[in-house]
Amino acid sequence: MANKEYFPGISKIQFEGSGSKNPLAFKHYNPDEMILGKKMKDHFRFSVCYWHTFKGLGSDPFGPGTMIRAYNDSSDPMKVAEMTLDAAFEFFTKLGAGFWCFHDRDIAPEADNLAETNKRLDHIVAKAKALQEETGVKLLWGTSNLFSHRRFMAGASTNPSPEVFAYAASQVKKAMEITKELGGAGYVFWGGREGYETLLNTDLKREFDHLAKFLHMAVDYKKKIGFDGQFYIEPKPKEPTKHQYDFDAASCHAFLQKYGLMDHLKLNIEANHGTLATHTFHHELEYSAANGILGSVDANRGDLLLGWDTDQFPVDLYDTTLAMYTITKAGGFTTGGLNFDAKVRRQSIDPEDLFHAHIGGMDAFARGLKAAAKMLEDKPFENFVKQRYAKWDGELGKKIENGQIGFEELEQYILQHGEPEIQSGRQELLENLLNEYI
Ligand code: XUL
Ligand code: CO
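Counting from 1, residues in each chain are numbered in the order their sequence is written. For this description, chains carry letters from A and ligands carry numbers from 1, given in the order in which they are written. Only residues with pLDDT of at least 70 are given local features in this predicted model, and only at 80 or more are side-chain atom pairs given and counted; all residues enter the totals for whole chains, interfaces and linings. Hydrogens are left out, water is left out, and the side-chain values use all remaining heavy atoms of the structure.

**Student:** Outline the coordination of the cobalt ion (ligand 2), listing residues and values.
**Tutor:** Coordination angles at a metal have ideal targets, namely 109.5 degrees for four tetrahedral donors and 90 or 180 degrees for six octahedral donors. Water is not among the atoms examined, so metal sites may look incomplete; donors are the N, O and S atoms within 2.8 Å of the metal, or within 3.2 Å for Na, K and Ca. Distances from the cobalt ion (ligand 2) to its protein donors, Glu234 (OE), Glu270 (OE), Asp298 (OD) and Asp341 (OD), fall within 1.9 to 2.2 Å. In short, tetrahedral needs four donors with all angles between 85 and 135 degrees, square planar needs four and octahedral six donors with opposite donors over 155 degrees apart and all other angles between 65 and 115, and whatever is left is irregular. Metal-centred angles of 78 to 172° between the six donor atoms at the cobalt ion (ligand 2) mark the site as octahedral. Sequence positions of the donors to the cobalt ion (ligand 2) reduce to the motif E-x35-E-x27-D-x42-D. In this pair, Glu270 sits in strand β12 (residues 265–270) while Asp341 sits in the loop between β14 (338–340) and α12 (351–378), placing the two residues 71 residues apart along the sequence. Here's how the labels work: a residue is buried when its accessible area is under 20% of the maximum for its type, exposed when over 50%, partly exposed in between, all with a 1.4 Å probe on protein chains only. Since its relative accessible area comes to 2%, Glu270 is described here as buried. Numbering of helices and strands starts at the N terminus; helices are DSSP runs of H or I of at least 4 residues and strands are runs of E of at least 2.

Printed below as a string of structure tokens:
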């Protein structure tokens, strides 16, 4: 580790329990505590994202960044990249997050041409590999920034120009290689500008075909280099483009099926992207779990009053409980984990705010997990659902599910038996019960 300390005065964050008043301690996240037969840290596989936490400085459309960081204090961009990496690993270690995530362009700045850019990446990746070995911090997933540079203004793989498609492919090729080099457990494709602003200039069908072609090429290259991490796509309905092609979990699912990609990709579900799609985080997780495509999670939250991707740190216990309920019920993470794709607010300018934010998020998920574990042990909701659908295990239900009868037999049944029996959905009772677990 570097000699310079970037977060002085902060030592390793400890679990102190719920009575603690120390803002720099965990009150609920106790990494080695066993819950449902598994260590808490293995339930979550918490990850810190590089882009918001180390590259985000609080800029918004009305003004530049507000945060001054010691690791930015150089006019040499590669020196900044090196110092930032040292600061990042100091942060991961002090926080006790087991994983990190990055975009290629977060860790090394782009140079004048691709060859030079890749050299810069190699230099930083060698340093990252040494820091990973030294600290034991692992790479949850890598990804590629195909949305910041002006060449990608009209998309990457869905660009009207095949030359931009080729550039994007070259970039992803390299990003996959470095992710493999760092032992990444996965690789994420988020459709940065894969969408459109107006259909008046867009060949929608062709763009979807190209997106699929690109992913198939990535699958081929993955096999070629022997990268065994999991691929994910990350749904988001809008922002930056008016309409993003990977709209939500259901549309991603349809896309994967149509283009023969179901065996190769799962979803990386982000809370605030779900709410932007007018779903809940819980819905997106449940849909993915139900269809066997739940892979990993970008944890954050939006703001009820704002219609954009605010990427706030997750603190809502209702959300974290329901999320952990679905994730745990589905068997938990294998390659995936819980990545904080979240940023501190523009006025939270101190380095220690980064600690408060992550500690709060980890504690909120720990409380969610504990509540979810009790719900899974007691099974009040599972039992209710089971009983609500019980008639499907009866004679009529079975015949329908097994495809043994059709409309004519069903009409006969109703003519014979008359009006169906109906039952209360008991929503209020169930919501009250949920609050007892939280
Ligand atoms: C953007 C977003 C990305 C992806 C990685 O909204 O969530 O940061 O997670 O490209
Ligand atoms: Co994300």
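**Student:** An account of the site of ligand 1 is requested, with residue identities and associated values reported.
**Tutor:** Put simply, a residue is near a molecule or strand once any heavy atom of it comes within 4 Å of that molecule or strand. The environment of ligand 1 is formed by Trp51, His103, Trp190, Glu234, Lys236, Glu270, His273, Asp298, Asp309 and Asp341. Between ligand 1 and Asp341 there is a distance of 2.7 Å, counted from an oxygen atom to a side-chain nitrogen or oxygen. Surface accessibility follows the Shrake-Rupley procedure with a 1.4 Å probe radius. Residue values consider only the protein chains on display as shielding. Considered on its own, ligand 1 offers 290 Å² of accessible surface; in the complex 94% of this is hidden by protein. Polar contact is the term for a pair of N or O atoms within 3.5 Å; when the atoms are in protein, one must be able to donate a hydrogen and the other to accept it, and sequence-neighboring residues count only if both atoms are side-chain atoms.

**Student:** Can you tell me about the sheet that holds strand β13 (residues 294–299), naming the residues and giving the values?
**Tutor:** Pairing between strands requires that DSSP locate at least two bridges from one strand to the other. Taken together, the eight strands give a closed barrel; going around it, the order is β5-β6-β7-β8-β10-β12-β13-β14, and neighbouring strands pair in parallel fashion. Averaged over all adjacent pairs, the angle separating strand axes in this sheet is 30°, with direction ignored. Inspection of the sheet shows β12 paired to β13 by four bridges, in the parallel sense. Across the sheet, Asn268 pairs through a bridge with Ser296, a residue of β13. In this analysis an axis means a line fitted to C-alpha atoms, helices contributing only their contacting stretch, and an angle means the value between N-to-C directions, from 0 to 180 degrees.

It is worth stressing that arrangement in space is one thing and function is another; only the former is reported here.
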